Amino acid sequence: MRLVRYRVNVQSPPVWGWVDGNRIGRLEGDPFREYRRLEADTAIEAVEILAPVQPSKIVCVGRNYAAHAEEHGAEVPELPLLFLKPPSSVIGPGQPILLPPQSNRVEHEAELAVVIGREARWVSPGQSADVILGFTIANDVTARDLQNLDGQWTRAKGFDTFCPHGPWIETELDSADVVVTCSVNGQLRQMASTRDLTFPVPQLIAFISSVMTLRPGDLVLTGTPSGVGPLVDGDEVSIEIEGVGTLTNPVHADRTAAEAADRAGDTQRRRRG
């Protein structure tokens, strides 16, 4: 089943629904507790699809495809390499990825994302399916120049709009072997199967939950294939995952941030003068 968050217009509150073909039905309740499906009587085109979850944290896994590690001249880690993205980086399908003025090279990273369905701590690989609500698509947008400059990844991964995900949660997916692709302006850049993951989903959930408690609605991004590349103002990036769907986002320069940075620079120059 495909679970979706949406709203009818900008004034209406977000609600949960389920997808049946090209129509949506409301949920009474929410998928992290109890719910009942109502009739699918609304066209998808008539609503705004939102980011599926508002996570307390976004746990990401670095270099989980050997080919991606190789393209950056890095070794495949012996244990899952974890980092976090802030919840403020979340946007939904169709919302723009904003290129920050601090970076000269922002790149896409297509990833299968796990949506946690219930609280999880010290979960074994065999128990992982019990705590997973489903799967969605994520783009681990990265300011590559800042990642290389800083030596740690918080700033490079943490800008607002740097975690698009959606368009919905697929609850019935075998994550062991699905194809992940990424295209920019219709040109294919990334393609791989999750069978190439160094650490598959059950191992990741077990490892992460031995470090921190996972809460309902948290996201786990499982890693990106090789082929990551730059995004520039005016691009459109689409990630497709077999059995889930397609996540598409436009790319815009963050002119508001650039203007604010210019104003801050002018103020500093006046103070020094």
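Refer to the structure presented above.
Residues numbered from 1 in each chain as written. Predicted model: local features only at pLDDT ≥ 70, side-chain atom pairs only at ≥ 80, totals over all residues. Heavy atoms only, no water.

A look at the environment of Gly-21
Alright, step 1. With respect to the secondary-structure elements, Gly-21 resides in the loop between β2 (15–20) and β3 (23–29).
Alright, step 2. Among the residues examined, Gly-21 registers a relative accessible area of 63% and is labelled exposed.
Alright, step 3. Each C-alpha atom of the pair Gly-21 and Gly-158 lies 34 Å from the other, and the pair is 137 residues apart in sequence. (Helix = DSSP H or I, 4+ residues; strand = E, 2+ residues; numbered from the N terminus. Buried < 20%, exposed > 50% of the residue type's maximum accessible area, 1.4 Å probe, protein only.)

What about the sheet that holds strand β15 (residues 179–184)?
Strand pairing in a sheet relies on backbone hydrogen bonds. The paired strands run either parallel or antiparallel.
Alright, step 1. Spatially, β9-β20-β19-β15-β16 is the arrangement adopted by the five strands of the open sheet, whose pairing is mixed. Of all strands in the sheet, those with a lone pairing partner are β9 (97–99) and β16 (187–193), marking the two edges. Across this sheet, the average inter-strand angle for adjacent strands is 20°, counted without regard to direction.
Alright, step 2. As judged from the three bridges shared by β9 and strand β20 (residues 245–253), these two strands associate in the parallel manner. Within β20, the residue paired with Leu-98 across the bridge is His-252. (Pairing = 2+ DSSP bridges. Axes fitted to C-alpha atoms, helices over the stretch in contact; angles between N-to-C directions.)

Some details on the nonpolar core
Across soluble globular proteins, nonpolar side chains show a tendency to be buried alongside one another.
Alright, step 1. Val-114, Ile-205, Val-220 and Ile-241 are the most contacted members of the largest nonpolar core, which totals 41 residues.
Alright, step 2. Breaking this core down by element, the ones donating at least two residues are β9, β11 (110–116), β12 (132–139), β15, α5 (201–209), β19 (236–241) and β20.
Alright, step 3. For this core, the element with the most residues is β11, which contributes four residues.
Alright, step 4. If we ignore the near neighbours within four places in the chain, the residues touching Val-114 are Ile-132, Gly-134, Phe-135, Val-201, Ile-205, Asp-218, Leu-219, Val-220 and Thr-222. (Core = buried A, V, L, I, M, F, W, Y, C linked by side-chain atoms within 4.5 Å. Contact = heavy atoms within 4.5 Å.)

Things to note about the pairing of β20
Alright, step 1. Sheet topology note: the β19/β20 ladder contains six bridges and is antiparallel. Counted as the bridge partner of Glu-236 is Pro-250 from β20.
Alright, step 2. Once β19 ends, the chain turns through three residues before running back antiparallel as β20, passing Gly-243 with a positive phi of about 85°.

A closer look at the environment of Glu-75
Alright, step 1. Tracing the backbone through its elements, the reader meets Glu-75 in the loop between α1 (66–71) and β7 (81–85).
Alright, step 2. With a relative accessible area of 68%, Glu-75 lands in the exposed category.
Alright, step 3. It is 22 Å that separates the C-alpha atoms of Glu-75 and Arg-155, two residues lying 80 residues apart in sequence.
Alright, step 4. Not counting chain neighbours up to four residues away, the residues in contact with Glu-75 comprise Arg-63 and Ala-69.

Observations concerning the sheet that holds strand β13 (residues 142–143)
Alright, step 1. Spatially, the three strands line up as an open sheet ordered β13-β10-β18, and their pairing is antiparallel. Of all the strands in the sheet, just β13 and β18 (230–231) have a single pairing partner and so form its edges.
Alright, step 2. Both strand β10 (residues 106–107) and β18 contribute to a ladder of two bridges, which runs antiparallel. Looking at the pairing, Val-106 lines up with Leu-231 of β18.

A look at unusual backbone geometry
Alright, step 1. Cis geometry marks the peptide bond from Gly-166 to Pro-167, where omega comes out at 0°.
Alright, step 2. Even without glycine at this site, Trp-122 takes up a positive phi of about 55°.
Alright, step 3. By secondary structure assignment, the location of Trp-122 is in the loop between β11 and α2 (128–131).
Alright, step 4. A residue is classified by how much of its surface remains accessible, and Trp-122, at 62% relative accessible area, is exposed.
Alright, step 5. Of note in this structure, Asn-185 is not a glycine but carries a positive phi near 55°.

Things to note about α5
Alright, step 1. Among all positions in α5, only Val-201, Leu-204, Ile-205, Ala-206, Ile-208 and Ser-209 are buried.
Alright, step 2. For α5, the secondary structure elements touched by its buried residues are β6 (58–62), β7, β11, α2, β12 and β17 (219–221).

Some thoughts on the pattern of salt bridges
Alright, step 1. For the coordinates displayed, the defined rule picks out 15 salt bridges.
Alright, step 2. We note a salt bridge from Lys-85 to Asp-140, for which the minimum N-O separation is 2.7 Å. Note that Lys-85 is positioned in strand β7 and Asp-140 in the loop between β12 and β13, a separation of 55 residues in sequence. Comparing Lys-85 with Asp-140, the two get one shared label, buried.
Alright, step 3. Through salt bridges with shared partners, a single network forms among Lys-85, Arg-105, Glu-107, Glu-109, Asp-140, Arg-144 and Lys-157. (Salt bridge = Lys/Arg side-chain N within 4 Å of Asp/Glu carboxyl O.)

All we've got here are geometric facts, nothing functional implied.
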